[in-house]
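# Overview (structure and organization)
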Amino acid sequence: MVNESALTIPTWLPFEKMHPADQYETASKAMNYEGMEPFSHDDILNVRRAYYAMVAETDDMFGRVLDLVDMETTNVIFTSDHGEGNMEHRQVWKNSMYDANHRVPLLMSGVGVEKGLLVRNATSNIDLYPTMLKWAGIDVPTEADLDGRDLSPLFSAEPRKPMSPNFIVGEYHSNMANTGHFMVKMDDMKLIDFGRTPPFQNYKPQLFNLTADPEEVDDISAANPDLVAQMQKMLAQGMGDIQAIDKECKAQDKVRFKKWMDLHKDTWPQMLAKQAYYGPGPVKYGTAADVKHIEDWLNQPLE
C-alpha cells in the first residue's frame, strides 16, 4: 500500500533557470513541448503514486523469493542497473546523473555479512563482480585490472581502512541527452559535468551538496571553483579525458546512424518521425527540412 499522506511534490526550478542539458531532456522525454498542457498538482501526484505502488509491489515479490531460501546459507544481493526519475527536475525514466535517475539500492545478506548494518560508503555496480568472487572464495586475478572494488571489507562494523578510490564515477550517452553526462561523487558532494564538443562548449558543470540539498536544485559550483577543479581531476582519474570520450561517442553516433539510414534507405525519415515525435496532433517531423538538418549534422566534422 502507498502511504498517501507521505506523497510529496518535488521542487521544480523555473524552466529558464534549468541547466540547458535538463531543458533538452524535458523535451526529449515529452515532459515539456510546444502546445503541451502544464502538469497539474494531481498529475504529478498520480505519477509519484504509481511509482511508489510499483516499489511496494517489488518489495512484496522479492519477499516471496526470500521466503523460499535458507537465509543462513544463501548469499543475496538486491540492486538495480539504474534509478528511475519520479518527476524530479521535470523528468521521468533514467538518462540523467541526478540521484533519482542513477542511484540504486544495494542490499546484501549472507555468509559473513553483519545483520542490520547500514553502510554509507559510495559504491558502484562495477564493485559487485570482485565482491561476488571474494564471497565465493575465488581470488580476483591480478591481471584482470578490474575497475571495481571488493566490498567484503564493508560486511562488518569492525574498524576498516578507507576504500580506494574514495569516490565513484558514472557517465551517460544516449538518445535522451544532447551531449555526454559525467558524474563524480565523493562523500556528500557530487559534480555533474558535460561533454563540451561544439555546439555544447558553453555547458557548465554543476556541483551539489547532497546533505544540504538532496533534491539537487541548488548548484553551488560558482561559489566553489577549487572544489569543482578537484572533483574534475577525480573524474579524469576515474574515467580518463571526458571530453575525448564525449567526442568519440558523438563520432560513433554518426557511424551508427549512417548504418541505420543505409539499412532503411528512403523510408528512414518517416520511421524516425514516428519513433521520435511526442506531442498532440499528427506527426510533424520527417519533412525535407528535417532531412537536410540530419544530413548537415552527419557531414559536419567534429571540432
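Look up a bit, the structure's there.
Let us look at the structure shown here. (Residues numbered from 1 in each chain as written. Predicted model: local features only at pLDDT ≥ 70, side-chain atom pairs only at ≥ 80, totals over all residues. Heavy atoms only, no water.)

Each helix and strand counted, the protein has 8 helices and 8 strands in total. Dimensions of the protein, computed from the C-alpha atoms along their principal axes, are close to 65 × 50 × 45 Å. The contacts in the protein between residues at least 6 apart in sequence include a share of 59% that link residues at least 24 apart. In the form shown here, the protein has an accessible surface area of approximately 18600 Å², with 55% of it arising from carbon and sulfur atoms. Each charge sign in the protein was given a centre, from 29 positive and 46 negative side chains, and these centres are 4 Å apart. (Helix = DSSP H or I, 4+ residues; strand = E, 2+ residues; numbered from the N terminus. Contact = heavy atoms within 4.5 Å. Areas by Shrake-Rupley, 256 points an atom, 1.4 Å probe, with all protein chains shown as cover. Lys, Arg positive; Asp, Glu negative; His and termini not counted. Charge placed at Lys NZ, Arg CZ, Asp CG, Glu CD.)

Between helix H6 (residues 242-264) and helix H8 (residues 288-299), whose axes approach to 10 Å, the crossing angle comes to 135°. Classed by the angle they form, the pair H6 and H8 counts as oblique. Handedness of the H6/H8 crossing: left-handed. Here H6 contributes Asp 253, Lys 254, Phe 257, Lys 258 and Met 261 to the contact with H8, which in turn contributes Ile 294, Trp 297 and Leu 298. Its residues placed into classes, the contact of H6 with H8 shows 5 nonpolar, no polar and 3 charged. (Axes fitted to C-alpha atoms, helices over the stretch in contact; angles between N-to-C directions. Parallel < 35°, antiparallel > 145°, perpendicular 65-115°, else oblique. Left-handed = near helix turned anticlockwise from the far one by under 90°. Nonpolar A, V, L, I, M, F, W, Y, C, P; charged D, E, K, R; others polar.)

So, about the pattern of salt bridges. A complete count under the given rule lists 14 salt bridges for this structure. When the shortest N-O distance is used, the salt bridge between Lys 115 and Glu 72 registers 3.4 Å. With Lys 115 in the loop between strand E4 (107-109) and helix H4 (128-135) and Glu 72 in the loop between helix H2 (41-66) and strand E1 (76-78), this pair connects stretches of sequence that are 43 residues apart. The exposure classification of Lys 115 matches that of Glu 72, with both residues exposed. With a closest N to O distance of 3.0 Å, Lys 258 and Asp 262 form a salt bridge. In this pair, Lys 258 and Asp 262 both sit in helix H6, 4 residues apart, roughly one turn of the helix. Take Lys 258: its relative accessible area is 40%, and that puts it in the partly exposed class. We classify Asp 262 as partly exposed; its relative accessible area is 43%. (Salt bridge = Lys/Arg side-chain N within 4 Å of Asp/Glu carboxyl O. Buried < 20%, exposed > 50% of the residue type's maximum accessible area, 1.4 Å probe, protein only.)

With 6 of its 6 residues buried, strand E7 (residues 189-194) lies for the most part within the structure. Neither face of E7 is open: one carries Met 189, Leu 191 and Asp 193, the other Lys 190, Ile 192 and Phe 194, and all of them are buried. Both strand E6 (residues 181-186) and E7 contribute to a ladder of 6 bridges, which runs antiparallel. The partner of Met 183 across the bridge, within E7, is Ile 192. The turn joining E6 and E7, which pair antiparallel and follow one another in sequence, is formed by 2 residues; a positive phi near 55° is taken by Asp 187. For E7 and strand E8 (residues 206-209), the ladder comprises 4 bridges, and the chain directions are antiparallel. Following the sheet pairing, Lys 190 is matched in E8 by Phe 208. (Pairing = 2+ DSSP bridges.)

Topologically, Arg 149 is positioned in the loop between H4 and strand E5 (168-172). Here Arg 149 is in contact with Ala 122, Thr 123, Ser 124, Asp 127, Pro 130, Thr 131, Met 163, Ser 164, Pro 165, Phe 167 and Ile 168, once residues within four sequence places are set aside.

Strand order across the open sheet formed by 4 strands is E5-E6-E7-E8, with antiparallel pairing between neighbours. Strands with a single pairing partner mark the edges of an open sheet, and in this sheet they are E5 and E8. Each strand of the sheet is rotated relative to its neighbour by a mean of 15°, with strand direction disregarded. Against the sheet, H6 touches E5, E6 and E7, its axis set at about 150° to E6.

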